[in-house]
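# Structural features, examined
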Amino acid sequence: MPTKKSVSVTLEGVSKVFKNTKGRPDVVAVHASDFTVNPGELVTLLGPSGCGKTTTLRMIAGFELPSSGKIRIGTEDVTMLPPNARDTATVFQSYGLFPHLTVGENVAYGLNYGKNGKLPKIAIAQKVRETLALVGLSELHDRAPGQLSGGQQQRVALARSLIVEPSVLLLDEPLSNLDALLREQMRIEIRRIQKRLGITAVYVTHDRVEAMSLSDRVIIMRNGEIQQIGSPQTIYEDPDSQFVASFVGKVAFFPVEGLEKQDGAWNCRLGARNLRVHRFASDLEAGKPAVIMARPESLRLIEKIEKVEKKEKAEPGSGYVDGTVHMNVYLGHSVETFVETVYGEVLVQIDDPVSKRLFPEGAAVSIDFNLDRIRLLRG
Ligand SMILES: Nc1ncnc2c1ncn2[C@@H]1O[C@H](COP(=O)(O)OP(=O)(O)O)[C@@H](O)[C@H]1O
Ligand SMILES: [Mg+2]
């Protein structure tokens, strides 16, 4: 298919308030959203149910009008334009295929409107063939939707959106109705097609693995507000808050005291240990509560260290948390060891378990940090 020039999508101070009905209070679904999706970029809106993802997407599509703020597609202000006057196409969670039409007819249906309304039959047939080839469904042209698997139906829905060659593709939880294996295949497929077309895309999901694996950048939302925008690596390794840290992956938090900045890094105390931490959120304040965040793969188990003197000798300043092994979960490429500590249950990931020492249930252990990987966040 011909590739159009990619465009950006920009939201400036976009809010949406749903006015109260039947005496219920107003709902601020989206509050002062600011972001730009660059041309050809796939950006995901990620957050818990009800945080305003769908409302944001519907405002970009034109199905909802913002209460305030501006939306631009490319340089055009589309804030008040109806959906059919915007160069967008939306794929929903429910496929919405017509059961009485064939796959080909369902895909062609997208062309019945707007700028494509007057295409000759032969041009339509050609476009349908190209689009079905793009989503890998060439052989299923004459089938009825009822004869397709869930994944195939979602591909038809995707083809129907793509056939109009929109500048912006919007997807709202398109894979939620599929089983786990199919979801994994389809998200790779969607990413492949999006890259090949170079189309700008906004993808909504509450599934962090989906967001991480699909996106150029991820926007984490909570209660209608953007919490952080960054690449999958940034939001995983350098989250700015405990909310973001726990939403995008497994994590443990250890409260620290005596927070103090010195020469571009923070000093703090965890239990009896003094630590110096080089990765940190920008909103820390000396003397205020803070936590160390540690991903399971940046923790390591060692035999419990009994005496403080011995700790000093072992690795000065690296910091230890004592605990008891509660459970080992074997995952092939790794083992997850759950350790009970005074800070709650801590998950330690042991990679390449064949060559590593595993501690049995009930073992007394100390947890050691990889000091290069831990990060300080506001408490
Ligand atoms: N048409 C509507 N009328 C009133 N409230 C709405 C409407 N649509 C969404 N909301 C509310 O706005 C908030 C955000 O909803 P939504 O954008 O659908 O969240 P998400 O897609 O992240 O689950 C929720 O509190 C929801 O109940
Ligand atoms: Mg939603």
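Right, let's walk through the structure included here.

Definitions and limits used
Residues numbered from 1 in each chain as written. Chains lettered and ligands numbered in written order. Predicted model: local features only at pLDDT ≥ 70, side-chain atom pairs only at ≥ 80, totals over all residues. Heavy atoms only, no water. Near = heavy atom within 4 Å. Polar contact = N/O pair within 3.5 Å; in protein donor to acceptor, adjacent residues only side chain to side chain. Areas by Shrake-Rupley, 256 points an atom, 1.4 Å probe, with all protein chains shown as cover. Helix = DSSP H or I, 4+ residues; strand = E, 2+ residues; numbered from the N terminus. Nonpolar A, V, L, I, M, F, W, Y, C, P; charged D, E, K, R; others polar. Pairing = 2+ DSSP bridges. Axes fitted to C-alpha atoms, helices over the stretch in contact; angles between N-to-C directions.

## Brief notes about the site of ligand 1
Surveying the vicinity of ligand 1 reveals the residues Phe18, Val27, Ala29, Pro48, Ser49, Gly50, Cys51, Gly52, Lys53, Thr54 and Thr55. Between Gly52 and ligand 1, the recorded distance is 3.0 Å, taken from a backbone N or O atom to an oxygen atom. Lys53 places a side-chain nitrogen or oxygen 2.9 Å from an oxygen atom of ligand 1. Expressed as a share of its isolated accessible area of 570 Å², the protein-covered part of ligand 1 is 60%. Breaking the shell around ligand 1 down by element, the ones donating at least two residues are strand E2 (27-37) and helix H1 (53-61). Of the residues forming the shell around ligand 1, the biggest block, three residues, is contributed by H1. In terms of residue class, the shell around ligand 1 is made up of five nonpolar, five polar and one charged.

## Structural notes on the sheet that holds strand E13 (residues 273-277)
Strand order in the open sheet formed by five strands is E13-E12-E11-E14-E20, with antiparallel pairing between adjacent strands. If you trace the sheet from one side to the other, it starts and ends with E13 and strand E20 (375-378), each paired once. Here the strands of the sheet are splayed against their neighbours by 45° on average, with no regard to which way each runs. Relative to strand E14 (residues 290-294), strand E11 (residues 252-262) runs antiparallel, the two sharing five bridges.

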